[in-house]
Amino acid sequence: MDLSKIAVSINKAINTQEVAVKEKHARTCILGTHHEKGAHTFWAAVNRLPLSSNAVLCWKFCHVFHKLLRDGHPNVIKDSMRNKADLTDMSRMWGHLSEGYGKLCSIYLKLLITKMEFHIKNPRFPGNLQMSNRQLDEAGENDVNNFFQLTVEMFDYLECELNLFLGVFSSLDMSRSVSVTAAGQCRLAPLIQVILDCSHLYDYTVKLLFKLHSCLPADTLQGHRDRFQEQFKKLKSLFYRSSNLQYFKRLIQIPQLPENPPNFLRASALSEHISPVVVIPAESSSPESEHVVETDDLVDTDVPVLPPALETKFDDLFGTSATIDPFNFNSQNGMRKDDKDRLIEQLTREIQALKDELESFRLESGRLCQALRGRVSELEAELAEQSHLRLQAAGESEFLKAELEDLRRVREDTEKEQRSLTEIEKKAQANEQRYTKLKEKYTELVQSHADLLRKNAEVTRQMTVARAAQDEVEAVRREMQEKVKAAQEVADRQERDQLDQMQDLQRELVSSRVELDSLKTTMASSQQSNEMLGTQLVALGSEKAELVQSLSKVEAELTARGEELEQAQTSLAAERESGVKTAEALQNQLNEKASREQALESQLAAARWSSLQGAVEEAEKIVQDSLVQIDDPAHISCTSSADYLASRCQASLDCMERLHATRDAFLVDNAAVSELVRLVVQCGHLVGDTIVQGSATSHMVPVEQADALSESVKACGAEALALLAQMKQRDSLTQADNGKLKAALEAVLASAEKLRPRGLELQQGELGDLVEQEMAATSAAVESAAARIEEMLNKSRAVDTGIKMEVNERILASCTELMQAIKELILSSKDLQRDIVESGRGAASMKEFYVKNSRWTEGLISASKAVGWGATVMVDAADLVVQGKGKFEELMVCSHEIAASTAQLVAASKVKADKDSSNLQRLQQASRSVTQATAAVVASTKSGKSQIEETDTMDFSSMTLTQIKRQEMDAQVLVLELETRLQKERERLGELRKKHYELAGVAEGWGEEEEGTG
């Protein structure tokens, strides 16, 4: 195949027109790679195209390149890896666009890079990803780790494919029929390759996950299952949306995924998995091809062909064509003209009917042919699927055979391991017995401690119950007294009410009788006017009857109230008697409670003392165990630091102060026994820990100091045991003195302070003040340097002219910017340190925080000193350069030194900072500003040096050959001398840096810190 023809096809396939790539041009490119066994011609043509300036051109390049990776020669992938960096840069460039072809090109290029990397890492996989199950098993080399990594890479590969799928669909307007437009087909055409890749990747991922679940626990593969579930949902949705597009229906048969993803926790579900098969019909292999109906298979209807019956009928009427002369009309003279016309019309109608019937038959045959072609495609797809299943079953049988062999080997290995396991179990039994003894001893200690705590809790609970009972008796007694008082008040009130009601009724009765008398008098006086007052008499009679009736009711009610009063008095007397009896019973119960409380108080005092004795015994055991432990030969390998020993001693001293105060409170009131028990046990733990850490620290110091420290901790243990022995006796508890133990602890603390690094010798106030002083001194040094630079700039403007003034102004301006950046850095560092101290010191003061974090504080002080010193030295160097006495190189070195010092200050400031702190962001920005300002100083210095220094013109025209040779030798000698001097200076610089590092380490106690932590 001609290479020029291949180049022409490449240029035709990759153009700026927004239409799909023609299949014939892409096919020519693929055949060209097989012809030349590589992709040299393709990349030679592509490198001349402006892919970075036209998004459509880049998109069509990605489409053609994807086809070559899938169907081209295997060397295409290797040849294309040389251009991986260019493709990565192009993807990053197109990624800055947020819409259109630019974003799609960025996603597509990432997919192609991922595809190349996958095939380079896994050379067993061909470009089109078509593999059998046996080949898939061989790709993992029967190693579960390889299968695990291969599954992760396939997930990444499939994720890139799905991203391109989603990107194309999101860029299309699905509300219109975009698949029938040229622009829509240009975007949709590459998805055919994506669908082919996705079907294979999905199938292989399912098989690999089933294989992994057969070898690894389900919890280990939870992340794989979650990622597969997510990709399964996306792929199913995209396949469904693609199958509904008109563009894909005639080009590719897209498979449908199952309703639910496979259940990898059930091994038998693998047999239910059906590999998705993508079918591309042979007659619709290209996007631009249309459905063409072959004209040879159809009947030509331009000249109708009459059936034999019609021909015979025509011959019977007009005679055969062989015997009748078309120009002889003698035989037709006898036929009338009307019969001819009717016959012609009849024949014309029959011919037209036959044409219509023939047309319908042709259309029906076309539909049947199309349906048969579709059925043939479906049957071919089913056949391919069945063949795939057959191959899958064969592969599974091979896989099962291989697994059977693996199981046999595993059984043999298991037998060997079983024999070795027996020996290990024997050793383990011996270790188990030793561990059991230690565990029993520890259990006894824990049990005794728990018993003491339970006794203390029981005594406390009994006291609580006794107090509650006493409170209950008091409440009942008060309640009964209140009830008696209330009953007496109610009875008195009822008596008064009944007396008042009786007096009211008597007054009403008297008034009624008075009224009756007045009525009788009126009736006697009004007998003369009987007729006029008859009606009034009747009314008065009715009123009289009502009054009599009401009087009887009042008398009955008065009688009932009297009876109720008698009953109330009787019940009140009974209640008084029962109240007296109840009060006597409650008084008896109260006396019994008081006696029981006295007994409980005595029991509680005994329990409190027993719990205290148990705590003291526990503390004695802890201290004794610590003294035994330091004499154990195995303890020689244990080490500790003087810092930690000092912290343990200080904690022990603080605990002793609290123990003394609590002991005095217990002597006054023995109810404070719980706090005393807790402090006794805590002191035992702290003193024991101090003894152990002191012995461990002695292993890291010289012999004399180690012996003195060992004697101090042993004396501390002896004093602790003596103090605990005094606290065990009730009589000697008041005389127990912790002064000797405190003296011993202070001696250990003094030894630890002597062993601490020299950088920690500062007191709290001194170290805290030193941080503030150094930061203030650094700020002052920077301010002074900025002022001096401003002064030098003014002097230079007044004295210098021309190039020298321009160079001096540029250098001093860059130095001024550097000083401003350093000033901002120091302010940001102060704010960040304030945040660190406020968030980390808790209830302690700022100075205590600095002392607690002394290593960090000393680093901060050292970095601050370096920044101030560097600023001062740089100003001196700039002054000499402006005066013409200094060296430009010295100014550049000072700039680099300031950059290093500020980096040290930033590192020391941010080491304890919160990563989300706003002040930390300000500090980092200030650090970047310092770096840029330093680079500006170096650049301006180099530029000024090149302007001021004049290059001598080398004129050799007047020199002879001998003179030139002589000067050449002198130049070589000078070069050798300078090289030797340069090498020596480099070695000297290395030694200076090494010595500086050692001195800095000694000053800050690095070596001692490492030994303490060891």
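What you see is a predicted model, and the numbers here were worked out from it, not measured in a lab. (Residues numbered from 1 in each chain as written. Predicted model: local features only at pLDDT ≥ 70, side-chain atom pairs only at ≥ 80, totals over all residues. Heavy atoms only, no water.)

Draft legend 1. Inspection of the overall build of the protein at higher detail. The helix and strand tally for the protein stands at 28 helices and zero strands. In the protein, which comprises 1014 residues, the proportion classed as buried is 35%. Partitioning the contacts of the protein with sequence separation of at least 6, the portion at a separation of at least 24 is 80%. (Helix = DSSP H or I, 4+ residues; strand = E, 2+ residues; numbered from the N terminus. Buried < 20%, exposed > 50% of the residue type's maximum accessible area, 1.4 Å probe, protein only. Contact = heavy atoms within 4.5 Å.)

Draft legend 2. The arrangement of the pattern of salt bridges in detail. Summed over all chains, the structure comprises 26 salt bridges. Here Asp689 makes a salt bridge to Arg648, at a shortest N to O gap of 3.5 Å. A residue pair is termed long-range when its members are at least 10 positions apart, and Asp689 in helix α18 (residues 673–698) and Arg648 in helix α17 (residues 642–668) qualify at 41 residues. Close ionic contact of Arg663 with Asp664 constitutes a salt bridge, the shortest N to O distance being 3.1 Å. In this structure Asp664 comes out as partly exposed when scored by relative accessible area, which is 32%. Here the salt bridges do not stand alone but share partners, grouping Arg70, Lys115 and Asp197 into one network. (Salt bridge = Lys/Arg side-chain N within 4 Å of Asp/Glu carboxyl O.)

Draft legend 3. The side chain of Asn133, seen in detail. Along the chain, Asn133 turns up in helix α8 (residues 133–140). The contact partners of Asn133, leaving out residues within four places of it in the chain, are Lys207, Leu391, Gln392 and Gly395.

Draft legend 4. Representation of helix α1 (residues 3–13). Taken as a whole, α1 has its buried residues at Ile6, Ala7, Ser9, Ile10 and Ala13. When α1 is viewed along its axis, its buried side chains cluster within an angular range of 160° and face the same direction. Of the surrounding elements, those touching the buried residues of α1 are α2 (23–36), α3 (40–46) and α4 (55–71). (Arc of directions from axis to C-beta.)

Draft legend 5. Structural detail: empty space enclosed by the protein. Tallying each qualifying case throughout the model produces five cavities of 30 Å³ or more. If you add up the space inside the largest cavity, you get close to 80 Å³. Around the largest cavity, the lining residues are Val623, Met656, Leu659, Val680, Cys683, Gly684, Val687, Ala720, Leu723, Leu724, Met727 and Leu741. Sorting the residues of the lining of the largest cavity by element identifies α17, α18 and α19 (703–728) as the ones contributing at least two each. Looking at the lining of the largest cavity, its residues break down into eleven nonpolar, one polar and no charged. (1 Å grid on protein atoms, 1.4 Å probe; cavity = no way out; pocket = protein on both sides within 12 Å on 5 of 7 lines; lining within 4 Å. Points joined across faces, edges and corners; volume = space filled by probe spheres on them. Nonpolar A, V, L, I, M, F, W, Y, C, P; charged D, E, K, R; others polar.)

Draft legend 6. Expanded view of the packing of α4 against helix α6 (residues 84–94). Closest axis-to-axis distance for the α4/α6 pair is 13 Å, and the angle between their directions is 135°. Between α4 and α6, the crossing angle belongs to the class labelled oblique. At the point where α4 passes α6, the crossing takes the left-handed sense. Packed against α4, whose contacting residues are Ala55, Cys58, Phe61 and Phe65, the element α6 presents Leu87, Met90 and Trp94 at the interface. (Axes fitted to C-alpha atoms, helices over the stretch in contact; angles between N-to-C directions. Parallel < 35°, antiparallel > 145°, perpendicular 65-115°, else oblique. Left-handed = near helix turned anticlockwise from the far one by under 90°.)

Draft legend 7. Inspection of the packing of aromatic side chains at higher detail. For the structure shown, the criterion picks out 18 aromatic pairs. Between Tyr247 and Phe248, the aromatic rings sit 5.4 Å apart at their centres with planes inclined by 65°, giving edge-to-face as the arrangement. On the basis of relative accessibility, which here comes to 1%, the residue Phe248 falls in the buried class. Taken together, the ring pairs connect Tyr202, Phe210, Phe228, Phe232 and Phe264 into an aromatic cluster. Positioned above the aromatic ring of Tyr101, the side-chain terminus of Arg187 is 4.5 Å from the ring centre. Residue placement shows Lys211 over the ring face of Phe147; its charged tip is 5.4 Å from the ring centre. (Phe/Tyr/Trp six-rings, centres within 6.5 Å; stacked < 30°, edge-to-face > 60°. Lys NZ or Arg CZ within 6 Å of the ring centre and 35° of its normal.)

Draft legend 8. Focus on the environment of Val692. By the element assignment, Val692 lies in helix α18. Residues Val692 and Val628 lie 64 residues apart in sequence; the distance between their C-alpha atoms is 9.7 Å. Setting aside residues no more than four positions away along its own chain, Val692 makes contact with Ser626, Gln629, Ile630 and His635.

Draft legend 9. Region of the structure containing the packing of α17 against helix α20 (residues 739–755). For the pair α17 and α20, the least separation of the axes is 9 Å and the interaxial angle reads 160°. In terms of orientation, α17 and α20 fall into the roughly antiparallel class. Where α17 crosses over α20, the two elements pack in a sense that is left-handed. From α17, Ala642, Leu645, Ala646, Cys649, Gln650, Ser652, Leu653, Met656 and Glu657 reach across to α20, where they touch Leu741, Lys742, Leu745, Glu746, Val748, Leu749, Ala752, Glu753 and Leu755. By residue class, the composition of the contact of α17 with α20 is twelve nonpolar, two polar and four charged.

Draft legend 10. Broad picture of the nonpolar core. Counting residues in each nonpolar core, the largest one holds 94 residues, and the members touching the most others are Ile14, Phe42, Phe61 and Phe125. Per-element accounting of this core gives the leading share, 14 residues, to helix α11 (residues 191–213). When residues no more than four places from it in sequence are discounted, the contact partners of Ile14 are Phe42, Val46, Leu49, Leu57, Lys60, Phe61 and Val64. (Core = buried A, V, L, I, M, F, W, Y, C linked by side-chain atoms within 4.5 Å.)

Draft legend 11. Fine view of unusual backbone geometry. Not every positive phi belongs to a glycine, and Leu129 is a case in point at roughly 65°. Within the fold, Leu129 resides in the loop between α7 (100–121) and α8. Unlike most non-glycine residues, Asn142 shows phi in positive territory, near 55°. Its place among the elements puts Asn142 in the loop between α8 and α9 (144–171).

Draft legend 12. Summary view of α11. In this model α11 runs 32 Å from its N-terminal to its C-terminal C-alpha over 23 residues, within 8% of the 33 Å that 1.5 Å per residue would give. With 23 of its 23 residues buried, α11 lies for the most part within the structure. (Expected span 1.5 Å × (residues − 1).)

Draft legend 13. Spotlight on the confidence of the model for the protein. Averaged over every residue, the pLDDT of the protein is 77; the share at 70 or more is 83%. Segment residues 283–335: pLDDT under 50, and 44 contacts once partners within four positions in sequence are set aside and those in other chains are kept. In this model residues 1005–1014 is a low-confidence stretch, pLDDT under 50, and it forms 18 contacts with partners more than four residues away in sequence or in other chains. (pLDDT = per-residue confidence, 0-100.)

Draft legend 14. How the structure looks around the environment of Met502. As for its placement among the helices and strands, Met502 is situated in helix α15 (residues 337–525). Put simply, Met502 and Gly562 are 60 residues apart on the chain and 9.4 Å apart in space, counted from C-alpha to C-alpha.

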